[in-house]
Amino acid sequence: MIRILVITLLLTSSHASALAIEWMPLETPEKSGNPLNISGSAVLEYKNAGRGGIDWEATGDGPRGGLGLRELWLFDNSAAGVPGTSQATTTFSVASNSIGFAMTGDHNDGFAQFFVDGIDVGTYDMYHTGNRILVVTGLDSIAHSLKVLQLGLHNPLSTKGDVAIFGGAAFNTIAAAIPEPGTYAMLLAGLGLLSFVTRFRKQSV
């Protein structure tokens, strides 16, 4: 019975553990235009960190640059005596079940920590990442907030810890079908039957 209850709780628990995180090529490598789609899914809203709009707020004690030009740079130029950490945040106005952090390969030489709705989705060494996008899928369909934190650390092969952001994208992906309640009932009935048969065999021995 305990085994059945545990399985039931696992089946009905929040799907937060179902988040999928993946780095993929950025389809619009230059910030002269917003990406129209990500992996075939239309972008619902794009929060620009460079040319054409400043939709991110940068804070912290680290120097920043690039706002309104090409990308938002979060600097940690410790080699030049300008250390510091800083962060950039933005919030979408539309609901979506997937988001993407569009990052640039230029000046991406530091460690960056990424958050969606305040939840840590990973820390990465951005050294030589190229133009890529960090995609997070399997989210609840709400308007999400993003945060990129420049940690003041960098790869030993680079000279400083800069992190550069093109923007953030909200989009929808098709979620896997959720089993009907009847499916759960059949599963529990089958587990109950197995438990009964196992107990019966033990008593028969």
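Up top you'll find the structure we're talking about.
Source: prediction; values computed, not measured.

Once that is clear, we can look at the overall build of the chain. What the chain contains, in helices and strands, is 2 helices and 13 strands. Within the chain, buried positions represent 37% of all 205 residues. Just so you have it, the chain exposes about 11,000 Å², and 62% of that area is on carbon and sulfur atoms.

With respect to the element layout, His 128 can be found in the loop between strand E10 (119-125) and strand E11 (132-142). Residues His 128 and Thr 104, spaced 24 residues apart in sequence, show a C-alpha to C-alpha distance of 9.6 Å.

Among the nonpolar cores identified, the biggest contains 24 residues, and Trp 56, Phe 101, Met 103, Phe 114, Val 148 and Ile 165 are the most heavily contacted of them. Looking at this core, the elements that each hand over two or more residues are strand E6 (72-74), strand E8 (96-103), strand E9 (110-116), E11, strand E12 (145-154) and strand E13 (163-171). In this structure, Met 24, Ile 38, Val 43 and Ala 169 belong to the second largest nonpolar core, which totals 11 residues.

With respect to the secondary-structure elements, Gln 113 resides in strand E9. In terms of polar contacts, Gln 113 uses its side chain to reach the side chain of Asp 120, at 2.8 Å. Not counting chain neighbours up to four residues away, the residues in contact with Gln 113 comprise Asp 120, Gly 122, Thr 123, Lys 147, Val 148, Leu 149 and Leu 151.

Summed over the entire model, instances satisfying the criterion amount to 1 salt bridge. We note a salt bridge from Glu 45 to Lys 47, for which the minimum N-O separation is 3.4 Å. Looking at Glu 45, the relative accessible area reads 14%, which means it is buried.

What follows concerns the environment of Asp 55. Position of Asp 55 relative to the elements: it lies in the loop between strand E3 (41-48) and strand E4 (57-60). Judged by its relative accessible area of 33%, Asp 55 falls in the partly exposed class. Contacts of Asp 55, omitting those with residues within four sequence positions, involve Tyr 46, Lys 47, Asn 48, Thr 89 and Thr 90.

Quick look at the pairing of E13 now. Along E13, 9 of the 9 residues are buried, which leaves the element largely enclosed by surrounding structure. Where E3 lies against E13, 5 bridges are found, and the strand directions are antiparallel. Following the sheet pairing, Glu 45 is matched in E13 by Ala 170. Pairing of E6 with E13, which is carried by 3 bridges, proceeds in the antiparallel orientation. Bridging across to E13, Trp 73 finds its partner in Ala 164. Bridging between E8 and E13 involves 6 bridges; their strand directions are antiparallel. Considered in E13, the bridge of Gly 100 is made with Ala 169.

Rules behind the numbers
- In this numbering scheme, every chain counts its residues from 1 along its sequence in written order.
- Where local features are concerned, this predicted model is filtered to residues with pLDDT of at least 70; where side-chain atom pairs are given and counted, the filter is 80 or more; whole-chain, interface and lining totals use all residues.
- Values shown for side chains rest on all heavy atoms present in the structure; no hydrogens or waters enter the calculation.
- Going along the chain from the N terminus, every DSSP run of H or I of four or more residues is numbered as a helix, and every run of E of two or more is numbered as a strand.
- For each residue, the accessible area found with a 1.4 Å probe, counting protein chains only, is set against the maximum for its type, and the residue is called buried under 20%, exposed over 50%, and partly exposed in between.
- Surface accessibility follows the Shrake-Rupley procedure with a 1.4 Å probe radius. Residue values consider only the protein chains on display as shielding.
- Here the nonpolar core consists of buried residues drawn from Ala, Val, Leu, Ile, Met, Phe, Trp, Tyr and Cys, with membership extended through side-chain atoms lying within 4.5 Å.
- Here a polar contact is recorded for every N or O atom pair within 3.5 Å, except that within protein the pair must consist of a potential hydrogen donor and a potential acceptor, and residues adjacent in sequence are included only if both atoms are side-chain atoms.
- Contact definition: two residues touch when any of their heavy atoms are within 4.5 Å.
- Whenever a carboxyl oxygen of Asp or Glu lies within 4 Å of a side-chain nitrogen of Lys or Arg, that contact is scored as a salt bridge.
- We treat two strands as partners when DSSP finds at least two bridges between them.

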